[in-house]
Amino acid sequence: MDTDLLIVGGGPAGCAAAVMAASVGLRSVLIESGGALCGALRRIPVVRNVLTATNGPDLAAAIEADLAQCDLCRVELGRRATLIDAFDDRVEVTIEPVESVEPVETVEAAGPDRAPGSRLTAPYVVVATGVGPLGPEGAGWLGRVDGRALPQLWEADPAAIDDRTVLVLGADRPLGTVARAHPELKARFVVVYPPEDTYKTEEIRRDPRVELVAVRRLELGPGSASAPVIAEAETVGGERRTLTADLAVLNLGSAPAPPAGAVATDRSGYCPPGSQHPRVFTAGDLRSARFQRIATAMGSGGEAALGAYYASRGLPTETGGPPTEVGGPPGPTGGG
Ligand SMILES: Cc1cc2nc3c(=O)[nH]c(=O)nc-3n(C[C@H](O)[C@H](O)[C@H](O)COP(=O)(O)OP(=O)(O)OC[C@H]3O[C@@H](n4cnc5c(N)ncnc54)[C@H](O)[C@@H]3O)c2cc1C
């Protein structure tokens, strides 16, 4: 075995798994395809739902510092896990260098050079590869987009949308992040979304810059000189509306893309921890569409590492036995 625990993905979930593993004496190797840990956090200018953190870049830097102190974890940046195989006695992870990123090992004692397609072996793996943005082809309500390569909202330069009307395709959370981070922006956001995403609009519906349009269907046609974006919408009320804007951006949500092989997915493409091979633990955003938050990613990463630890000691994670009565004495099994 190369280590006690392999961790794939260096976001908050994978990093939390690494420090939790170290806290119970497990050595780990963390494989991250990007050039730095917590790349997603670095793009979140304002954070309001994580204890002690107010913005993503500072949190990413703090996590990076924690990992640098973690002697039992070796971080390998610029390497992508392409295949995960799970066997009765071990897991094997195939890794490839990412050409656009110079591979870096942040280690006490550097590991061996890795040839493309090399494999790492361990008793357990935590898979925490997060989610990636959905394209228009994944949104059934969105018809023709007129061959346009539309940018993602969360990648948009605020200066490029100031004083503009922006047609936002989808009501996913990045709009709330942009609105909170840039109260000074004078942009007008026309947000079109399918009715099943209404719950996502709650954090932005009171912002006076936002107009919400729930649609059954939207077709994006060619623009004109006065309105570069023209879209024909059929609203949920059956009304036909022509929407005009200076630019259109995608904000459709995200989907997991775990490495091929042993990671089990459900019908929606997510990877619930309870459906996995006993040597495979999933953590963070790729578990579910519903719990995609920094704090839950960290919590689930820690739990995944503890799951591997208890499994390695032959200890069940459920302590078993009938429930104790409310207010009754605690059961015989202690914490640990
Ligand atoms: C614009 C925006 C704003 C947000 N705002 C908030 C907010 O205010 N509060 C909040 O709680 N949450 C927010 N989130 C959500 C939050 O960022 C995620 O819930 C969190 O980052 C999930 O952590 P994770 O570790 O599961 O995944 P990620 O942070 O996505 O990390 C996954 C890592 O795995 C790596 N990876 C992927 N595939 C491979 C592979 N095959 N091999 C090796 N490495 C791989 C990726 O490079 C990435 O670094 C926001 C998200 C976005 C996009």
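Residues numbered from 1 in each chain as written. Predicted model: local features only at pLDDT ≥ 70, side-chain atom pairs only at ≥ 80, totals over all residues. Heavy atoms only, no water.

In the annotation of an unreviewed UniProt entry, the entry for the protein reads Thioredoxin reductase (NADPH)/alkyl hydroperoxide reductase subunit F, and the organism field reads Streptomyces iranensis. We quote the UniProt Catalytic activity (unreviewed entry) comment for the protein here in full: "[thioredoxin]-dithiol + NADP(+) = [thioredoxin]-disulfide + NADPH + H(+)". (UniProt positions renumbered as here; feature names shortened; annotations may be inferred.)

Student: When you look at the nonpolar core in this model, what are you seeing that I'm missing?
Tutor: Nonpolar side chains in soluble globular proteins generally cluster together in the buried interior. Ranked by size, the top nonpolar core spans 36 residues in total, and within it Leu5, Leu30, Leu67 and Val126 carry the most contacts. Sorting the residues of this core by element identifies strand S1 (5–8), helix H1 (12–23), helix H2 (56–68), strand S3 (73–77), strand S8 (124–127) and helix H5 (294–312) as the ones contributing at least two each. Here the element with the most residues in this core is H5; it accounts for seven residues. Judged by nonpolar contacts, the second largest core, of 21 residues, contains Ala139, Val145, Val215 and Leu252. (Core = buried A, V, L, I, M, F, W, Y, C linked by side-chain atoms within 4.5 Å. Buried < 20%, exposed > 50% of the residue type's maximum accessible area, 1.4 Å probe, protein only. Helix = DSSP H or I, 4+ residues; strand = E, 2+ residues; numbered from the N terminus.)

Student: Explain the sheet that holds strand S14 (residues 240–245) here, please?
Tutor: Strand pairing in a sheet relies on backbone hydrogen bonds. The paired strands run either parallel or antiparallel. Read across the sheet, six strands follow the order S14-S13-S12-S11-S10-S15 without closing on themselves; strand pairing throughout is mixed. Looking at strand neighbours, the two that pair on one side only are S14 and strand S15 (247–250), the edges of this open sheet. Going from strand to strand, the sheet's axes swing by 45° on average, the running direction of each strand aside. Sheet analysis places strand S10 (residues 165–169) next to strand S11 (residues 188–193), joined by five bridges and oriented parallel. Counterpart to Val166 in the pairing with S11 is Phe189. (Pairing = 2+ DSSP bridges. Axes fitted to C-alpha atoms, helices over the stretch in contact; angles between N-to-C directions.)

Student: Hey, could you run me through the environment of Val280 in this one?
Tutor: Here Val280 shows up in strand S18 (residues 280–282). Each C-alpha atom of the pair Val280 and Val125 lies 5.2 Å from the other, and the pair is 155 residues apart in sequence. With near-sequence residues (within four places) excluded, Val280 lies in contact with Ala86, Val91, Val125, Val127, Ala262 and Val263. (Contact = heavy atoms within 4.5 Å.)

Student: Could you clarify how one ought to interpret the site of the ligand in this entry?
Tutor: Around the ligand lies a shell of 31 residues, among which Ala13, Glu32, Ala81, Asp285 and Ile294 are the nearest. At 3.0 Å from a nitrogen atom of the ligand is found a side-chain nitrogen or oxygen belonging to Asn49. The contact in question runs from an oxygen atom of the ligand to an N or O atom on the side chain of Asp285, over 2.8 Å. Across the complex, the protein chains shield 87% of the 1,000 Å² of accessible surface that the ligand would expose by itself. Only H1, strand S2 (28–32), strand S4 (79–86), helix H4 (174–181) and H5 provide two or more residues apiece to the shell around the ligand. Residue composition of the shell around the ligand, grouped by class: 14 nonpolar, ten polar and seven charged. (Near = heavy atom within 4 Å. Polar contact = N/O pair within 3.5 Å; in protein donor to acceptor, adjacent residues only side chain to side chain. Areas by Shrake-Rupley, 256 points an atom, 1.4 Å probe, with all protein chains shown as cover. Nonpolar A, V, L, I, M, F, W, Y, C, P; charged D, E, K, R; others polar.)

Student: What is the right way to look at the packing of H1 against H5 in this model?
Tutor: Working note: a packed helix pair is described by the angle between its axes plus the distance between those axes. Close contact between H1 and H5 brings their axes to 7 Å; oriented N to C, the two are set at 40°. Judged on the interaxial angle alone, H5 and H1 are oblique. Once H1 is placed against H5, the crossing between them reads as right-handed. Packed against H1, whose contacting residues are Pro12, Ala13, Ala16, Ala17, Met20 and Ala21, the element H5 presents Ile294, Ala297, Met298, Gly301, Gly302, Ala305 and Leu306 at the interface. Here the contact of H1 with H5 is built from residues that sort into eleven nonpolar, two polar and no charged. (Parallel < 35°, antiparallel > 145°, perpendicular 65-115°, else oblique. Left-handed = near helix turned anticlockwise from the far one by under 90°.)

Student: Which parts of the structure should I look at to understand the sheet that holds strand S7 (residues 118–122)?
Tutor: Spatial strand order, S7-S5-S4-S17: four strands in an open sheet with mixed pairing. Bordering the open sheet on either side are S7 and strand S17 (260–261), each of which pairs with just one other strand. Bridge count between strand S5 (residues 91–97) and S7: five bridges; the pairing is antiparallel. Directly across from Glu92, in S7, lies its bridge partner Thr121.

Student: Is there a simple way to think about H4 in this case?
Tutor: Because an α-helix completes one turn every 3.6 residues, residues spaced three or four positions apart along the sequence face the same direction. For H4, the buried fraction is high: seven of the eight residues fall into the buried class. Packed against the buried residues of H4 are S11.

Student: Please clarify how the pairing of strand S12 (residues 210–221) should be interpreted in this entry.
Tutor: Along any regular strand the residues' side chains alternate between the sheet's two faces. Here S11 pairs with S12 via five bridges, running parallel. Residue pairing across strands places Val191 opposite Leu212, the latter belonging to S12. Sheet analysis places S12 next to strand S13 (residues 229–235), joined by six bridges and oriented antiparallel. Note on S13: the bridge partner recorded for Val215 is Thr235.

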